[in-house]
Amino acid sequence: MAFRLNDLLHFGEDEIGNVKIRFCKVARQDEGGQDDTSPRRTAYEEFLTNPEKVNNEWLLWRTTQNPFSEGEIAICFIPLDNGATDRWLITTIKRITAVRPEGQEPGIAYEAEELDGFEALFGRVIVKYHKSFQSSYVRLNTIEDEIEVCEILPERYTESEFPGYDRVRLSYKQLSHILERGIGNWIGALENQKAVYLITDKKTGKLYVGSATGDNGMLLQRWKNYVDNGTGGNVDFEKLKKEKGFDYIKENFQYSILEIFNGTTDSKKIVEREHWWMETLMTREFGYNNN
């Protein structure tokens, strides 16, 4: 006998009619910072690097449609396996607490809060459902018998497949998780490459450009240094850590790659590119570079 989704969620008859699923697959051109020239990211790609963006911006975005009402419950589904196997990951369940007035520009249209008691399921429940309709929204009670729970992961979903160097954008917590677990494809991708990388303080917008060469252990070792102590030896980071604490770094720092080089590239070239990015982004004047 199949185990259905509501066998797990236990929404009663008086509530299930107010539960809607949003199937988040590919960003619209006007959604989530997309424009006509931007590549359209999939929810799967976004979730790997920025799950909170999926759970807030993607789930709660409104264009011409107004799918949610105050008091309704929104469940976010994202497709796994590039949508080829009808498997979906549940990333969050939220109650809509307020609705932005209509007639404004497209954007995040709702305020919402995660439902108590469901947190342990987020990013762990995989369901099977064949979506045959075009709309991104549907009421749970109209398809509840068709959604089968096929797996509950022992911990939150992480994908071992490295997304590509131009797709790396990790929070401190995500980077720490990857390194602590030793996720294979990530480790292999980072340990043999030299790079120019970017650290962003999302709280202030200040940037830091750094380089990883054979002299400092390639990109993997360089980023391990940041995970270990939060600073990697950077003077301004040390000052920030002393003033605001290590938790500030853990909550606000983001790591991405500007350029990648193979292990045989002369380190002088990488340092030259590092300085070019510093000048371009003006990280000496307005960021954390003091070199």
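Summary of the structure given here. Remember, predicted model here, so these are calculated numbers, not experimental data.

All right, on to the packing of aromatic side chains then. Enumeration according to the criterion identifies 22 aromatic pairs in this entry. Here a set of aromatic residues connected by ring pairs shows up, and it is made of Tyr197, Tyr208, Trp223, Tyr226, Phe237, Phe253, Tyr255 and Tyr288. When the ring centre of Phe23 is taken as origin, the NZ or CZ atom of Lys131, which lies over that ring, is 5.6 Å away. The aromatic ring of Phe246 is capped on one face by Lys241, whose charged end is 4.6 Å from the ring centroid.

Moving on, we come to the nonpolar core. Trp223, Phe253 and Tyr255 are the most contacted members of the largest nonpolar core, which has 30 residues in total. Where this core is concerned, the elements lending two or more residues are helix 6 (172-181), helix 7 (184-191), strand 11 (193-201), strand 12 (207-212), helix 8 (218-229), helix 9 (235-244), helix 10 (246-252) and strand 13 (253-262). Of all the elements, helix 8 adds the most residues to this core, at 5 residues. In this structure Phe253 touches Leu170, Ser171, Tyr172, Ile199, Thr200, Asp201, Phe237, Leu240, Tyr248 and Tyr288, once residues within four positions along its chain are discounted.

Here we take up the environment of Phe118. Within the element layout of this structure, Phe118 appears in the loop between strand 6 (110-114) and strand 7 (125-128). Overall, the relative accessible area of 12% leaves Phe118 in the buried class. Along the backbone, Phe118 and Trp88 are 30 residues apart, and their C-alpha atoms lie at a distance of 17 Å. Among all residues touching Phe118, those that are not within four sequence positions of it are Leu9, Phe11 and Ile93.

As a further point, take the layout of surface pockets. The space that makes up the largest pocket amounts to roughly 650 Å³. Taken together, 30 residues line the largest pocket, and the ones lying closest to its centre are Phe47, Leu48, Pro51, Ser171 and Gln174. When contributions to the lining of the largest pocket are tallied by element, the ones reaching two or more residues are helix 3 (43-49), helix 4 (51-58), strand 10 (169-171), helix 6, helix 10 and strand 13. Sorting elements by how many residues they give to the lining of the largest pocket places helix 6 first, with 5 residues.

What follows covers the packing of helix 6 against helix 8. For the pair helix 6 and helix 8, the least separation of the axes is 10 Å and the interaxial angle reads 120°. Taken together, helix 6 and helix 8 sit at an angle that is classed as oblique. Relative to helix 8, helix 6 is oriented so that their crossing is left-handed. Together, Tyr172, Leu175, Ser176 and Leu179 of helix 6 and Leu220, Trp223, Lys224, Tyr226 and Val227 of helix 8 make up the contact between the two elements. The residue makeup of the contact of helix 6 with helix 8, split by class, is 7 nonpolar, 1 polar and 1 charged.

Quick notes on the rules
Within each chain, residues carry numbers counting from 1 in the order of the written sequence. With pLDDT at 70 or above as the cut-off, local features in this predicted model cover only qualifying residues; side-chain atom pairs require 80 or more to be listed or tallied, and sums for whole chains, interfaces and linings still use all residues. Derived side-chain values reflect all non-hydrogen atoms in the structure, with water molecules and hydrogen atoms excluded from consideration. Aromatic rings from Phe, Tyr and Trp, with only the six-membered ring used for Trp, were paired whenever their centres fell within 6.5 Å, and each pair was classed as stacked if the ring planes differed by under 30 degrees, edge-to-face if by over 60, and tilted otherwise. The criterion is that NZ of a Lys, or CZ of an Arg, lies within 6 Å of the ring centre and within 35 degrees of the ring normal, and then a charge sits over that ring. Side-chain atoms within 4.5 Å are what join buried Ala, Val, Leu, Ile, Met, Phe, Trp, Tyr and Cys residues into a set we call a nonpolar core. Residue burial is assigned from relative accessible area. The probe radius is 1.4 Å, only protein chains are included, and a residue is buried under 20% of its type maximum, exposed over 50%, and partly exposed in between. Secondary structure elements follow DSSP: runs of H or I of four or more residues count as helices, runs of E of two or more count as strands, with numbering from the N terminus. By the convention used here, residues are in contact when the closest approach between their heavy atoms is within 4.5 Å. Two kinds of site are reported from a 1 Å grid over the protein atoms alone, namely cavities, where a 1.4 Å probe fits but cannot get out, and pockets, open sets with protein on both sides within 12 Å along at least five of seven lines, and residues are called lining when an atom falls within 4 Å of a point. Grid points are joined across faces, edges and corners, and a volume is the space filled by probe spheres set on the points. For helices, the fitted axis covers only the stretch in contact; all axes are lines through C-alpha atoms, and the angles between them, taken along N-to-C directions, range from 0 to 180 degrees. Angle categories are assigned with fixed cut-offs, so that under 35 degrees is roughly parallel, over 145 is roughly antiparallel, 65 to 115 is roughly perpendicular, and the rest are oblique. Left-handed describes a crossing whose near helix is turned anticlockwise from the far helix through less than a right angle; right-handed describes the clockwise counterpart. Nonpolar residues are Ala, Val, Leu, Ile, Met, Phe, Trp, Tyr, Cys and Pro. Charged residues are Asp, Glu, Lys and Arg, and all others, Gly as well, are polar.

Scope: geometric values only; no functional claims are made or implied.
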